[in-house]
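# Understanding the architecture of this molecule
Residue strings, one per chain:
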Amino acid sequence: MSCEQDDTSRFPLLVIIIQDNKGVYTEERGEFTLKNYEIAVILSPDLDDTSLPAMQETIQGWISSSGGEIVLTDDRGLRKMAYHIKKKREGHYISWYASLSPSGPAEVEQQLRLNENILRFMIIKSDVPVQVEQKSPSTDSYSNVSESVPSTSTLEEITESDQVSDGLPDQSLDEKNEGESL
Amino acid sequence: MAFYRGSSRAYNRRPSVCQFCADKVTELDYKNLDVLVRQIDPEGKIRPRRRTGTCARHQRMVAIAIKRARHMALLAFDRGSWI
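The structure displayed is predicted, hence computed values, not measured ones. (Residues numbered from 1 in each chain as written. Chains lettered and ligands numbered in written order. Predicted model: local features only at pLDDT ≥ 70, side-chain atom pairs only at ≥ 80, totals over all residues.)

## Structural notes on the overall build of chain B
- Scanning chain B from N- to C-terminus turns up four helices and zero strands.
- Walking chain B from its N terminus toward its C terminus, one meets helices and strands in the order α-α-α-α.
- Classification of the 83 residues of chain B by burial places 30% in the buried group.
- Taking the contacts inside chain B whose residues are at least 6 apart along the sequence as the reference set, 71% of them involve residues at least 24 apart. (Helix = DSSP H or I, 4+ residues; strand = E, 2+ residues; numbered from the N terminus. Buried ≥ 20, exposed ≤ 12 C-beta atoms within 10 Å, placed from the backbone. Contact = placed C-beta atoms within 7 Å.)

Right, dumping it as C-alpha cells:
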C-alpha cells in the first residue's frame with residue numbers, strides 16, 4: 001500500500017493526458033483542445049450575388065456555433081467541375097480553415113448535408129497554410145516544368161515573393177566581402 | 001508456334017530519385033493540381049511508382065491527394081474532360 005501511495009503522489013490520478021497528433025485531452029478540465037480542419041464546399045452556381053454571401057455567412061455561422069474558430073477563408077470563385085454534380089457543370093469553390101473541437105465536424109456535417117445549395121463538401125484534418133506566398137516556392141518548381149502541358153490550369157495563387165528574396169543573398173555576400181576586405 | 005510478343009514492351013527506366021524527396025515536400029494539398037496532374041495518366045488513373053519513381057511515403061500522399069481532388073470534382077475519375 002505504501003508503494004501505491006508513493007506512486008499517486010508522484011503521478012496524480014486525476015490528470016490523465018492523452019497526447020494525440022494535434023489535440024490534447026485533459027481529464028481534469030474535461031474538454032478537448034481544438035484541432036485544425038479544412039471545410040471545403042462546392043456551392044451551386046445558381047446562387048445570386050446577394051444569396052452567395054448570405055450562404056457563406058450561414059456556413060460560417062454553423063462553424064462558429066459548433067465551437068469553431070475560423071482562421072482563414074479560401075475563396076476560389078466559380079470554376080468548371082471535372083464531372084457533373086446534380087446536373088450542374090460549375091460550382092463556387094470555397095474552403096474554410098478552422099479549429100474545431102472533436103465533436104465539431106459531425107455537427108457541421110449534419111448541417112451541410114441538409115442544404116440543397118451545397119453540391120459537395122469535405123471536412124479533412126489539415127493544418128492552416130501559414131501563407132500562400134510561403135507555399136508557392138515549393139510548387140513553383142513543378143509549375144515551371146509543367147508549363148509545356150496546356151491542360152494544367154493553376155489553382156494556386158503564385159506570387160512573386162521569391163523574386164524579391166532572390167536579391168538578398170547577393171547583398172549579404174557583398175557585405176561579407178566588404179567586411180573581409182576591410 | 002508460341003505467340004511471341006518480343007521485347008517491344010520495354011518499360012522506360014524509372015527515375016532513380018523520388019521527385020518529391022528531391023524537393024523536400026512534406027505536405028501535399030489536394031488543390032495543388034499542378035503536381036497532381038503529373039501523377040495521373042490519360043485514363044485518369046494514378047500512375048504507379050515503377051513509372052514515376054516516387055518513394056512509398058510520397059506515393060501515399062499523392063494517392064490521398066488525388067482521391068480528395070476527385071471527390072471535390074477537381075479531377076475526373078476516368079478519361080473525362082478533366083480540367
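## A short note on the sheet that holds strand 5 (residues 69-85) of chain A
Residue and element names in this part refer to chain A.
- In space, the four strands of this open sheet follow the order 5-6-4-7, with antiparallel pairing throughout. Single-partner strands in this sheet number two, and they are strand 5 and strand 7 (118-125). Mean inter-strand twist for the sheet, computed between neighbouring axes without regard to direction, equals 20°. (Pairing = 2+ DSSP bridges. Axes fitted to C-alpha atoms, helices over the stretch in contact; angles between N-to-C directions.)

## Section: unusual backbone geometry
- Notably, K86 of chain A is not glycine yet its phi reads approximately 55°, a positive angle.
- Secondary-structure assignment places K86 of chain A in the loop between strand 5 and strand 6 (88-100).
- Judged by C-beta crowding, with 11 C-beta atoms within 10 Å, K86 of chain A ranks as exposed.
- Its identity as a non-glycine residue notwithstanding, K24 of chain B has a phi of 55°, on the positive side.

## Considerations on helix 3 (residues 104-114) of chain A
Residues and elements named next belong to chain A.
- The set of residues buried in helix 3 consists of G104, P105 and V108. Buried residues of helix 3 fall within an arc of 85° about the axis and therefore sit on the same side. Away from its buried face, by an angle of more than 90 degrees, helix 3 presents the exposed residues A106, Q110, R113 and L114.
- Contacts made by the buried residues of helix 3 are with strand 4 (35-43), helix 2 (51-65), strand 6 and strand 7. (Arc of directions from axis to C-beta.)

## With respect to the pairing of strand 5 of chain A
Residues and elements named next belong to chain A.
- One ladder, built from eleven bridges, connects strand 5 with strand 6; its direction is antiparallel. Bridging across to strand 6, G77 finds its partner in Y93.
- Between the antiparallel neighbours strand 5 and strand 6 lie two residues, among them K86 with a positive phi of about 55°.

## Brief notes about the pairing of strand 4 of chain A
Residues and elements named next belong to chain A.
- Among the nine residues that make up strand 4, eight are buried, leaving the element largely enclosed by the rest of the structure.
- In terms of strand pairing, strand 4 meets strand 6 through nine bridges, oriented antiparallel. Paired with I42 across the bridge in strand 6 is Y93.
- When strand 4 meets strand 7, the two strands line up antiparallel, connected through seven bridges. Considered in strand 7, the bridge of I42 is made with R120.

## Some thoughts on the nonpolar core
- Core analysis: the largest hydrophobic core is formed by 34 residues, its most contacted members being I39 of chain A together with L36 and A69 of chain B.
- Of all the secondary structure elements, the ones that give two or more residues to this core are strand 4, helix 2, strand 5, strand 6 and strand 7 of chain A together with helix 2 (33-37) and helix 4 (56-71) of chain B.
- Those residues in contact with I39 of chain A that sit more than four places away from it in its chain are I63, S95, W96, A98, V108 and I123 of chain A. (Core = buried A, V, L, I, M, F, W, Y, C linked by C-beta atoms within 7 Å.)

## Some remarks on the environment of W96 of chain A
Residue and element names in this part refer to chain A.
- By secondary structure assignment, the location of W96 is in strand 6.
- Given 22 C-beta atoms within 10 Å, W96 falls into the buried group.
- Distance in space between the C-alpha atoms of W96 and D75 is 8.5 Å, their sequence separation being 21 residues.
- Setting aside residues up to four positions removed in sequence, W96 forms contacts with I39, I63, I70 and T73.

## What about helix 4 of chain B?
- For helix 4 of chain B, spanning 16 residues, the distance from its first C-alpha to its last is 23 Å, which sits close to the expected 22 Å at 1.5 Å a residue.
- Those residues of helix 4 of chain B lying buried are H58, V62, A65, I66, R68, A69 and R70 of chain B.
- On its buried face, helix 4 of chain B sits against strand 7 of chain A together with helix 1 (19-23) and helix 2 of chain B.
- With its phi angle positive at about 60°, A73 of chain B sits one or two positions after the end of helix 4 of chain B. (Expected span 1.5 Å × (residues − 1).)

## Quick look at the environment of G67 of chain A
- Along the chain, G67 of chain A turns up in the loop between helix 2 and strand 5.
- As for G67 of chain A and S103 of chain A, which are separated by 36 residues in sequence, their C-alpha atoms are 9.1 Å apart.

## Regarding the confidence of the model for chain A
Residues and elements named next belong to chain A.
- Taken residue by residue, chain A gives an average pLDDT of 69. The fraction at 70 or more is 53%.
- Within chain A, strand 7 carries the highest mean pLDDT (92), whereas helix 4 (residues 132-145) carries the lowest (42).
- The model gives residues 12-22 a pLDDT under 50, and that stretch makes 14 contacts with residues more than four places away or in other chains.
- pLDDT under 50 marks residues 133-182. Its contacts with residues more than four places away, or in other chains, come to 38 contacts. (pLDDT = per-residue confidence, 0-100.)

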